[in-house]
Amino acid sequence: GSSSATAWTPAFSALPEQFRVYAFDRVGCGLTDAPQDPDRFTFSESVAHARGFLDAVGIDRCHLVGSSRGAGVAAVAALDETDRIETLTLLNSATIAPARGELGHRMSRLHRGLPPADGTVERERERIEFRYETYSYATDHVTESFVDTAARMACTDESWRIREAF
């Protein structure tokens, strides 16, 4: 629920030279409304949202990019919209991969050293810095502004409600 299209801001600097760039949040992420019913947090709901966004801005053909859970949504959207999606780029996602190993074990290894959440912006800043600096090859995008925006979005009541639903 705290993920947002603002995380893509550093990647956008060179793209407008050749492309018109749009970024939109998944259902329940960033500033996009979340359904009150947790059962509506589904790929099909997110794919319908993506399709609605493309329709609303009049996009007939596009290059679609998704990261993490958004990559799963992008993959399903590309399968549903084969005439509309020119290319598909998926980043940092096991969302549509076959299950491998025990999830708890993988997550404990991945998050080793991650400070525990306590609901404060200060702690969320630590957690975001840790994740991006640990998991990123290059870290020049981990700026004060980037971390501050992500931390504040992660600490809203709505963000916590959405995390529980996910």
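Residues numbered from 1 in each chain as written. Predicted model: local features only at pLDDT ≥ 70, side-chain atom pairs only at ≥ 80, totals over all residues. Heavy atoms only, no water.

Together, Leu103, Met107, Leu110 and Tyr135 make up a nonpolar patch on the protein surface, roughly 360 Å² of accessible area in all. In this structure, Tyr135 sits in helix α4 (residues 121-135). Residue Tyr135 is classed as partly exposed on the basis of its relative accessible area of 36%. (Patch = residues over 30% accessible without salt bridge, like charges linked within 9 Å, V, L, I, M, F, W, Y side chains within 5 Å. Areas by Shrake-Rupley, 256 points an atom, 1.4 Å probe, with all protein chains shown as cover. Salt bridge = Lys/Arg side-chain N within 4 Å of Asp/Glu carboxyl O. Helix = DSSP H or I, 4+ residues; strand = E, 2+ residues; numbered from the N terminus. Buried < 20%, exposed > 50% of the residue type's maximum accessible area, 1.4 Å probe, protein only.)

The nonpolar side chains of a soluble globular protein tend to be buried, and buried together. Residues Val47, Leu54, Ile59, Cys62, Leu64, Val73, Ala74, Ala77, Ala78 and Ile85 constitute the largest nonpolar core, which totals 10 residues. Counting only elements with at least two residues in this core, the list comes to α1 (43-56), β1 (62-67) and α2 (69-80). Of all the elements, α2 adds the most residues to this core, at 4 residues. In terms of nonpolar packing, the next biggest core, distinct from the first, is built from 6 residues, Ile128, Val142, Phe146 and Val147 among them. (Core = buried A, V, L, I, M, F, W, Y, C linked by side-chain atoms within 4.5 Å.)

Here the focus is the packing of aromatic side chains. Using the criterion set out here, one finds 4 aromatic pairs in the structure. Measuring from centroid to centroid gives 4.9 Å for Tyr132 and Phe146, while their planes differ by 90 degrees, and the two rings are edge-to-face. Residue Tyr132 is found in helix α4, and its partner Phe146 is found in helix α5 (residues 144-154); the two are separated by 14 residues along the sequence. Looking at Phe146, the relative accessible area reads 10%, which means it is buried. An aromatic cluster is present here, built from Tyr22, Phe24 and Phe53 joined pairwise through their rings. (Phe/Tyr/Trp six-rings, centres within 6.5 Å; stacked < 30°, edge-to-face > 60°.)

So, on to unusual backbone geometry. Even without a glycine there, the phi angle at Ser68 is positive, about 55 degrees. As for its position among the elements, Ser68 is in the loop between β1 and α2. Overall, the relative accessible area of 35% leaves Ser68 in the partly exposed class.

A few words now on the environment of Phe24. By the secondary structure assignment, Phe24 is in the segment before α1. Taking the C-alpha atoms as reference, Phe24 lies 9.7 Å from Leu54; in sequence the two are 30 residues apart. Among residues more than four places away in sequence, those in contact with Phe24 are Ala5, His49, Ala50 and Phe53. (Contact = heavy atoms within 4.5 Å.)

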